[in-house]
Amino acid sequence: MRRPLALAALLLLASVPTACGGSSSTSTARAQLNWYNFPDDSGALQQAADNCTKASGGRYVVKYNKLPRAADGQRQQLVRRLAAHDKGLDILGLDVTWAAEFAQAGWIRPWAGADRDTATNDTLPASLETATWKSKLYAVPYNSNTQLLWYRDDLVPTPPTTWAQMLDAARALAKAGKPHHVEIQGAQYEGLTVWFNTLIESAGGSILNASATTPSLGAPAVKAAGIMHELATSPAADPSLANQMEDTNRLAMESGGAAFELNYPFVYPSMKANQPELFKHFRWAAYPRVYADQASRPTIGGIDLAIGAYSRHPDLAHQAALCLRNRDNQMTAALKGGLPPTLRSLYSNPELIASYPFAADILSALEHASVRPQTPAYQNISIAISHTLSPPAGINPDSAVSDMRRQISDALQSKGLIP
């Protein structure tokens, strides 16, 4: 293994104006706080880093460091460096499934006292749940994310409310020779696990039991796997379903061959910019239900900010993390980067609603959201699920659930090999 990159905190001498704006100044040491997060192309994260550096009054500089683009690569880099006790990791942008693993390993610090109170105030409960392990808060939610049903109202005047209705509509459109595909994430990766998690939770079940010690699955899992197989073997399936991820779904919808898309809000500004004619008919609705009388529970996504256990500046890092996810910076992330906020009150902000006409639907989805299994073994569990359910057209619901139960049980007990 290559030697982890050592990033030492820099001490810079800076001249800081007085708080009252007077002409006198003093010289002070400024700590460099390294913030590692996903690569943002919108400029929102860099703007947040600059805002917080300025707001610190000369106490610290936030340096935004871009992790690899793929989530697996992000986790791998952080894990390797934290395992080596790297002191240069101050603020860590964690996928919402990583908190339990990192906390159990002792790689991140718990939040307590006034910092914890600030972190939890006005924050959506589902977002806080992703950052909590063994009743302790280990990260502060930076942004959230969830999926909606996107559809074309020139093909489907009234959006379906259930999976059965959507598949029936797709079949009718196909029979009429019209665009009819349902675009969804069917490749062998985390997106496939998210699809399954959403379906099983919407069917009233869960992947693990309440204490995350054993598989739950059962009849809701069989129902979920059955829906995935039904779509994959129907006219609704895109021919490339088994290789599709979020961005290929977006492109397929923009090409005009699909009637429906299950995806994140980033598809809205993309359709507006890339296909203005189709955009005139691009609408959204709640994620389809499994049962008509049971609300859907789309899986929550997003990024949580944690403080590295070996940081030289943990107190400053806590302060900076709170700044990075404050109201102004979350608004910027939403407006520039398309990232749904974790602060509930922002969803009634007129500026957000103007850019996010679907803000109320996103908030409703987040308030009913499901969380992926919270366990240090999550990565192995996710791999077991995505391998078992790939390709979706080959799913045998009963045997697939049986296989997943065995593999998940092994993962929880650190037995066996991941697929």
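Residues numbered from 1 in each chain as written. Predicted model: local features only at pLDDT ≥ 70, side-chain atom pairs only at ≥ 80, totals over all residues. Heavy atoms only, no water.

**Student:** Any chance you could explain the overall build of the protein chain here in plain terms?
**Tutor:** Check the secondary structure of the protein chain and you find 17 helices and twelve strands. Radius of gyration (C-alpha) of the protein chain: 22 Å, near the 22 Å computed for a compact globule of 419 residues. Dimensions of the protein chain along its principal axes, counting C-alpha atoms only, are 75 × 55 × 40 Å. The buried share of the protein chain, reckoned over its 419 residues, is 54%. The contacts of the protein chain with a sequence gap of at least 6 include a subset with a gap of at least 24, amounting to 73%. One finds the centroid of the 36 positive side-chain charges in the protein chain at a distance of 6 Å from the centroid of its 35 negative side-chain charges. (Helix = DSSP H or I, 4+ residues; strand = E, 2+ residues; numbered from the N terminus. Rg over C-alpha atoms; globule rule 2.2 N^0.38 Å. Buried < 20%, exposed > 50% of the residue type's maximum accessible area, 1.4 Å probe, protein only. Contact = heavy atoms within 4.5 Å. Lys, Arg positive; Asp, Glu negative; His and termini not counted. Charge placed at Lys NZ, Arg CZ, Asp CG, Glu CD.)

**Student:** Would you explain the packing of helix H9 (residues 246–254) against helix H10 (residues 267–274) in this entry?
**Tutor:** Helix-helix packing is described using two parameters, namely the angle between the two axes and the distance between the axes. Two elements in contact, H9 and H10, have axes separated by 10 Å at closest approach and are oriented at 40°. In terms of axis orientation, H9 runs oblique to H10. Here H9 runs over H10; the crossing is right-handed. Contacts from Arg250, Met253 and Glu254 in H9 reach Val267, Ser270, Met271 and Asn274 in H10. (Axes fitted to C-alpha atoms, helices over the stretch in contact; angles between N-to-C directions. Parallel < 35°, antiparallel > 145°, perpendicular 65-115°, else oblique. Left-handed = near helix turned anticlockwise from the far one by under 90°.)

**Student:** Please explain the nonpolar core as it appears in this structure.
**Tutor:** What tends to happen in soluble globular proteins is that the nonpolar side chains get buried as a cluster. In this structure, Trp35, Leu78, Ile91, Phe102 and Leu305 are the most contacted members of the largest nonpolar core, which totals 49 residues. Sorting elements by how many residues they give to this core places helix H12 (residues 314–324) first, with seven residues. Those residues in contact with Phe102, other than ones at most four positions away along the chain, are Leu78, Val79, Leu82, Leu94, Trp107 and Ile108. Of all hydrophobic cores here, the second largest spans 46 residues; its members include Ile207, Phe260, Tyr287 and Ala400. (Core = buried A, V, L, I, M, F, W, Y, C linked by side-chain atoms within 4.5 Å.)

**Student:** Hey, could you run me through the pairing of strand S8 (residues 148–152) in this one?
**Tutor:** Every regular strand shows the same layout, with side chains that alternate between the two sheet faces. With five of five residues buried, S8 is to be regarded as a mostly interior element. Of the two faces of S8, the one holding Leu148, Trp150 and Arg152 and the one holding Leu149 and Tyr151 are both buried throughout. As paired elements, S8 and strand S11 (residues 282–285) share four bridges and run antiparallel to each other. By the bridge assignment, Tyr151 is partnered in S11 with Arg283. (Pairing = 2+ DSSP bridges.)

**Student:** Explain empty space enclosed by the protein to me, please; I cannot follow it from the model alone.
**Tutor:** Vacant regions in the atomic arrangement are exposed by a probe of water-molecule size rolled over the atoms. For the structure on display, the rule yields one cavity of 30 Å³ or more. Each pocket or cavity is described by its volume, and for the largest cavity that value is around 50 Å³. Contributing to the lining of the largest cavity are Val96, Thr97, Trp98, Ala99, Ala100, Thr130, Arg372, Pro373 and Gln374. Among the residues forming the lining of the largest cavity, the class breakdown is five nonpolar, three polar and one charged. (1 Å grid on protein atoms, 1.4 Å probe; cavity = no way out; pocket = protein on both sides within 12 Å on 5 of 7 lines; lining within 4 Å. Points joined across faces, edges and corners; volume = space filled by probe spheres on them. Nonpolar A, V, L, I, M, F, W, Y, C, P; charged D, E, K, R; others polar.)

Purely spatial values, then, with no claim about function.
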